[in-house]
Amino acid sequence: MVSGLALYGHPFSSYTWKALIPLYANQTPFEFRELTPGDAAEGELHARLHPAGKFPVLSDGDTVVIEATAIIEYLAVHHPGAAPLIPADPGEAVTVRMMDRVFDNYVMANVQRVVSAYIADGANPDPAEVESGKAGLLRAYRWLERWLERNALPPHVNLVTCAAAPSLFYADWVERIPADCPRLAGLRAEVLALPAVARCVDDARPLRHYFPPGAPDRD
Ligand SMILES: N[C@@H](CCC(=O)N[C@@H](CS)C(=O)NCC(=O)O)C(=O)O
């Protein structure tokens, strides 16, 4: 067990970014425990920390927090900083939590569906999985475009930004945000410009060749 705050994850992992963004935004001191197959941290992850060996995982002394959303909620309560990760207003907090679920369940999940098909067979990914994932992304894009007609994200890091930034970053690589979703494309550009997000993007830049469907030459 590490004393103090430690985050287990990988610099190319979208959900690791989701937990890193609030830590960077609030300049919270922590140790990053990068997971490498076969190393001690990875062994600990599978043996003890996570029921499915997934990451990120936050440890804070004897406390272990899994699930990126719960990590952000935990940071908001126990390690608050300048960026208000969860709005103080209960009504606004409901919206923020709802949108966090939208980005995880309907954007990131569809990215993972396509990526998993390429991990299973890079040369011949299951076309049904790829098509379903891409169709799901387009549905989510159009829903988000309509939501953005009446709503906006705050110009600082909060729970929604943490979910939106990595999911939109990778989603656009899998299925480009179409021209009829200009608000969503604008939101992607805005969140990627936040310093905490740009740091994650830059740190992962040397690893792009690992992106299973192939990374485009942009961003
Ligand atoms: N619901 C989890 C999802 C975490 C997740 O899917 N993490 C991926 C990395 S981005 C992972 O652990 N992949 C390795 C695996 O599934 O074994 C969360 O929000 O933390």
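This structure is a prediction, so every number in the text was calculated from the model and none was measured. (Residues numbered from 1 in each chain as written. Predicted model: local features only at pLDDT ≥ 70, side-chain atom pairs only at ≥ 80, totals over all residues. Heavy atoms only, no water.)

Participant: In this structure, what is going on with the site of the ligand? I would like to understand it.
Facilitator: Taken together, the residues surrounding the ligand are Ser13, Ser14, Tyr15, Lys54, Phe55, Pro56, Glu67, Ala68 and Gln112. In this structure, phenylalanine 55 approaches the ligand through a main-chain N or O atom, which is 2.8 Å from a nitrogen atom. Take glutamate 67: an N or O atom from its side chain is 2.7 Å from a nitrogen atom of the ligand. A total of 510 Å² of accessible area belongs to the ligand in isolation, and the protein chains cover 74% of it. The cavity where the ligand resides is the largest pocket. (Near = heavy atom within 4 Å. Polar contact = N/O pair within 3.5 Å; in protein donor to acceptor, adjacent residues only side chain to side chain. Areas by Shrake-Rupley, 256 points an atom, 1.4 Å probe, with all protein chains shown as cover. 1 Å grid on protein atoms, 1.4 Å probe; cavity = no way out; pocket = protein on both sides within 12 Å on 5 of 7 lines; lining within 4 Å. Sits in = over half its atoms within 2 Å of the grid points.)

Participant: Can you walk me through the pattern of salt bridges in this structure?
Facilitator: When the charged atoms of two side chains with opposite charge come close together, those side chains can pair. For the structure shown, the criterion picks out 17 salt bridges. Here arginine 205 and aspartate 202 are joined by a salt bridge, their closest N and O atoms 2.8 Å apart. Under the relative-accessibility criterion, arginine 205 is labelled partly exposed at 37%. For aspartate 202, a relative accessible area of 42% translates into the label partly exposed. Note that aspartate 219 is salt-bridged to arginine 218, the shortest N-O span being 3.3 Å. A single salt-bridge network, built from bridges that share partners, covers Asp172, Arg176, Arg188, Arg218 and Asp219. (Salt bridge = Lys/Arg side-chain N within 4 Å of Asp/Glu carboxyl O. Buried < 20%, exposed > 50% of the residue type's maximum accessible area, 1.4 Å probe, protein only.)

Participant: Explanation requested: the layout of surface pockets in the structure shown.
Facilitator: With a probe scaled to a water molecule rolled over the atoms, the places where space remains empty come into view. Estimates place the volume of the largest pocket at around 1000 Å³. Going through the elements one at a time, helix 1 (14–25), helix 2 (40–49), helix 3 (68–78) and helix 4 (90–120) are the ones with two or more residues in the lining of the largest pocket. Split into classes, the residues belonging to the lining of the largest pocket amount to 17 nonpolar, ten polar and five charged. The volume enclosed by the second largest pocket comes to roughly 190 Å³. Lining the second largest pocket are 13 residues, with Pro87, Glu92, Val96, Pro154 and Asn158 sitting closest to its centre. At four residues, the largest contribution of residues to the lining of the second largest pocket is made by helix 4. Within the lining of the second largest pocket, the residues separate by chemical class into nine nonpolar, three polar and one charged. (Points joined across faces, edges and corners; volume = space filled by probe spheres on them. Helix = DSSP H or I, 4+ residues; strand = E, 2+ residues; numbered from the N terminus. Nonpolar A, V, L, I, M, F, W, Y, C, P; charged D, E, K, R; others polar.)

Participant: Sorry if this is basic, but what is going on with unusual backbone geometry here?
Facilitator: It is generally the case that most residues other than glycine have a negative phi and that most peptide bonds are trans. Note that the residue after phenylalanine 55, namely proline 56, is joined by a cis bond; omega there is 15°. Counting through the fold element by element, proline 56 comes out in the loop between helix 2 and strand 3 (57–60). Its identity is not glycine, yet glutamine 27 carries a phi of approximately 50°, on the positive side. Assignment of secondary structure puts glutamine 27 in the loop between helix 1 and strand 2 (31–34). Even without a glycine there, the phi angle at glutamate 67 is positive, about 80°. Inspection of the secondary structure puts glutamate 67 in the loop between strand 4 (63–66) and helix 3.

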